[in-house]
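Read off the chains here:
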Amino acid sequence: MKFAFTLAALALTAAPVLADEMTLTAPMSSATLHEGGLDMNVYFVEAENGYDVIGTYVSRVGAYAPARIRMLMQDGDSVAFGMPGARDVLYSFERSGDALHVTAENTGLQFASN
């Protein structure tokens, strides 16, 4: 009985982790995020002024053609943004040294207000 009560209490208090993340440490290595209705494959190549980061994404709903984002990131750079078709997901890219860390976190739908 005590065990069942403990399990029930944990089930009510534990929040699921709703994030997808990856860390890339070598040029041309890639990984795919699967969060919020989008699949996004990310990789980087070395460029003259940093890493040229490329993300190719496609919606899992409907018959949309893949689209691409591209950004130059230097050591210490970070950026976070939302994507069309995934209004409740925050995508974050952070470069630290030779590593590129990318997350897709389900934040719930949020609206800007004054």
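This section reports on the structure supplied with the text. (Residues numbered from 1 in each chain as written. Predicted model: local features only at pLDDT ≥ 70, side-chain atom pairs only at ≥ 80, totals over all residues. Heavy atoms only, no water.)

Observations concerning the pairing of strand β2 (residues 30-35)
Note that β2 and strand β3 (residues 38-47) share six bridges and pair antiparallel. Paired with Ala 31 across the two strands is Val 42, which belongs to β3. (Pairing = 2+ DSSP bridges. Helix = DSSP H or I, 4+ residues; strand = E, 2+ residues; numbered from the N terminus.)

Focus on the sheet that holds strand β4 (residues 50-59)
Pairing is antiparallel across the open sheet formed by four strands, whose spatial order is β2-β3-β4-β5. Each edge of the sheet is formed by a strand with only one pairing partner; in this case those strands are β2 and β5 (67-73). On average, adjacent strands in this sheet sit at an angle of 20° to one another, irrespective of strand direction. Both β4 and β5 contribute to a ladder of seven bridges, which runs antiparallel. Residue pairing across strands places Ile 54 opposite Arg 70, the latter belonging to β5. (Axes fitted to C-alpha atoms, helices over the stretch in contact; angles between N-to-C directions.)

Some thoughts on the pairing of strand β7 (residues 86-96)
Bridge count between strand β6 (residues 78-83) and β7: five bridges; the pairing is antiparallel. Across the sheet, the residue bridging to Ser 78 is Glu 94, located in β7. Linking β6 back to β7 in an antiparallel pair, the connection comprises two residues, with Gly 85 at a positive phi of about 85°. Where β7 meets strand β8 (residues 99-106), eight bridges bridge the pair, whose relative direction is antiparallel. Paired with Phe 93 across the bridge in β8 is Val 102. Linking β7 to β8, which pair antiparallel, is a turn of two residues; within it Gly 97 sits at a positive phi near 65°.

A word on the nonpolar core
Judged by nonpolar contacts, the single largest core of 21 residues is most densely connected at Met 40, Val 42, Val 53, Tyr 91, Phe 93 and Leu 100. When residues of this core are traced back to their parent elements, those giving at least two are β1 (19-24), β3, β4, β5, β7 and β8. (Core = buried A, V, L, I, M, F, W, Y, C linked by side-chain atoms within 4.5 Å. Buried < 20%, exposed > 50% of the residue type's maximum accessible area, 1.4 Å probe, protein only.)

Side note on the packing of aromatic side chains
Evaluation of the coordinates by the stated rule reveals two aromatic pairs. Ring centres 4.1 Å apart and planes at 15° place the aromatic pair Phe 44 and Tyr 51 in the stacked group. Here the two residues Phe 44 and Tyr 51 agree in accessibility, since each one is buried. Taken together, a centroid distance of 5.6 Å and an interplanar angle of 10° make the contact between Phe 81 and Phe 93 stacked. Separated by 12 residues along the polypeptide, Phe 81 in strand β6 and Phe 93 in strand β7 bring together distant segments of the chain. You can call Phe 81 partly exposed: its relative accessible area is 22%. Above the face of the Tyr 51 ring, Arg 95 is positioned so that its terminal group lies 3.7 Å from the ring centre. (Phe/Tyr/Trp six-rings, centres within 6.5 Å; stacked < 30°, edge-to-face > 60°. Lys NZ or Arg CZ within 6 Å of the ring centre and 35° of its normal.)

Re the pattern of salt bridges
Counted according to the given criterion, the structure contains two salt bridges. The shortest N-O distance in the salt bridge between Arg 60 and Asp 39 comes to 2.9 Å. With Arg 60 in the loop between β4 and β5 and Asp 39 in strand β3, this pair connects stretches of sequence that are 21 residues apart. Between Asp 52 and Arg 70 there is a salt bridge, with its nearest N and O atoms 2.5 Å apart. (Salt bridge = Lys/Arg side-chain N within 4 Å of Asp/Glu carboxyl O.)

Read these as geometric descriptors, not functional statements.
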